[in-house]
Every structure is written in C-alpha cells, then in structure tokens.
Amino acid sequence: MSDSLHSFALFFSLLNPFLMSIYMLGIIRNSDAKTFNMALIQGSLISLVVFIIFAKTGEAFFNDVLHVRFESFQIFGGIIFLVIGYRYVFEGADTIGVMRGAPNHLAGTIAMPFMIGPGTISAAVITGVRLSLMETIIVIFITLFLTCSILILMKYAHDHLQHKYSNYIDLYVDIVGRLAALLIGTIAIDMIVTGVAGIIQST
C-alpha cells in the first residue's frame, strides 16, 4: 500500500492540475467547455496507454526498440520544458496557447508534452518496477482521473466566474503562473543535467 501511495503522490505532483491549468490557460480561455472536456478526456486516455506501455517495458523500450539512450529523451524533454517556462516568464500565458494547435488536434497537444513528458514517463517506469501491472494501471488511472476531473471543474469555474471574479482569477494566474514557470524551468534544467550526467557516466 505504501508503494502505491508513493507512486500516486509522485504522479500527481508531476501532473499537478493546478499548475497545468496555468500553462493550459490559452486552451481554457479559447475553447468551449464541450471541446475542452472531450479533448482532455481523450488526451488522458492517450496518456494512460502510453504510461502503461512504459511501465511495462521500462528503459528496455528505449534501448531495444528505439535504440536510443533514455538520457537523450530526458535532455530533449528538458529543452521543451525550458522553452515553455521561458515563454511564460517573458511573454505570458496566452503565448503558450499559441503553441497548442487546431481544436481538432487538442487531444494530442494536451497529452504531449504536458501530460506525457520525461518526468511522467520516468515516473511510469519507476511505478512499473515497484508495483504489479494491475496495481500500476490502477494508480495511473486514478491519478489521471483525478487530474482530469479537477481540470474540468476549473474550466467550469473559469467560464462561469471569470466576469464576476475576474480580479481574483487574474491574481491566481499571476501568482501560480510565476511559480509554475519557476518550477517548469527548474525541472527542465534538472532533466538536462541528469541526462548529460547519465551519458557521461555511461561513456
């Protein structure tokens, strides 16, 4: 049970819906509730399948199937998050929405890179090592279900409260957004450093 709780805590901290609501702000503002909810659910299902695959195969997927180093994936993912954090700090949340894509492609762009990233894939690998396959599926499903539900509630609150409590929403976006940018940038640098260190140690 403790391993399951630790794995859940790790996944939920990486899929933090409160931070995710900030760097998905462009989508939340510019899409209607039905489109957003369907895209979010589809993106969560895509993420579920990907996480289960990586939990089952682990680093062997990179080494034996793709024939690439897992560290290279970490470095590239770190660069992606670094760009996201940089754009938020200097250009604001709306510009992140520009990176997203057309409404009919929202499911894929929600899943990647915010749900499916080096951090969450690494967590899937660790969870697959700690738990049985069924326990891993349950932990990942509960985490994604909770994250998806909170984001849907946040979309509802945004659509119905943005005019009445616009000042509070702007304050929330400003404070949490700056924290999110700092956290994303810090995680990005750590991913890059970890990937480079891993390559150096293996050579």
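Structure: above.
For the structure given in this document, a descriptive report is provided here.

What counts, and where the lines are drawn
- Residues numbered from 1 in each chain as written.
- Predicted model: local features only at pLDDT ≥ 70, side-chain atom pairs only at ≥ 80, totals over all residues.
- Heavy atoms only, no water.
- Axes fitted to C-alpha atoms, helices over the stretch in contact; angles between N-to-C directions.
- Helix = DSSP H or I, 4+ residues; strand = E, 2+ residues; numbered from the N terminus.
- Parallel < 35°, antiparallel > 145°, perpendicular 65-115°, else oblique.
- Contact = heavy atoms within 4.5 Å.
- Nonpolar A, V, L, I, M, F, W, Y, C, P; charged D, E, K, R; others polar.
- Expected span 1.5 Å × (residues − 1).
- Buried < 20%, exposed > 50% of the residue type's maximum accessible area, 1.4 Å probe, protein only.
- Core = buried A, V, L, I, M, F, W, Y, C linked by side-chain atoms within 4.5 Å.
- Phe/Tyr/Trp six-rings, centres within 6.5 Å; stacked < 30°, edge-to-face > 60°.
- Lys NZ or Arg CZ within 6 Å of the ring centre and 35° of its normal.

Concerning the packing of helix H1 (residues 2–14) against helix H9 (residues 118–130)
Relative orientation of the contacting elements H1 and H9 amounts to 175°, with a least axis distance of 10 Å. With respect to their mutual orientation, H1 and H9 come out roughly antiparallel. Each of Asp3, His6, Ser7, Leu10, Phe11 and Leu14 in H1 lies in contact with H9, whose residues at this interface are Gly119, Thr120, Ala123, Ala124, Thr127 and Arg130. Its residues assigned to classes, the contact of H1 with H9 comprises 5 nonpolar, 5 polar and 2 charged.

Comments concerning helix H10 (residues 133–161)
Spanning 29 residues, H10 covers 42 Å between terminal C-alpha atoms, matching the ideal 42 Å at 1.5 Å per step. When H10 is considered as a whole, its buried residues turn out to be Thr136, Val139, Ile140, Thr143, Leu144, Thr147, Cys148, Ile150, Leu151, Met154, Lys155 and His158.

Details of the nonpolar core
Formed by 31 residues in total, the largest nonpolar core has its most connected members in Leu40 and Phe51. Among the nonpolar cores identified, the runner-up in size contains 6 residues, and Leu19, Tyr88, Val176 and Ala180 belong to it.

Focus on the packing of aromatic side chains
Going through the model one piece at a time under the given rule, you end up with 3 aromatic pairs. With 5.8 Å between their ring centres and 20° between their planes, Phe8 and Phe12 make a pair best called stacked. Residue Phe8 and its partner Phe12 are both found in helix H1; the two are separated by 4 residues, about one turn of the helix. Under the relative-accessibility criterion, Phe8 is labelled partly exposed at 26%. Centre to centre, the rings of Phe141 and Phe145 are 6.2 Å apart; their planes meet at 20°, and the pair counts as stacked. Here Phe145 and Phe141 lie together in helix H10, a separation of 4 residues that amounts to about one turn. Relative accessible area serves as the criterion here: at 55%, Phe145 is assigned to the exposed category. The aromatic ring of Phe36 is capped on one face by Lys155, whose charged end is 5.9 Å from the ring centroid.

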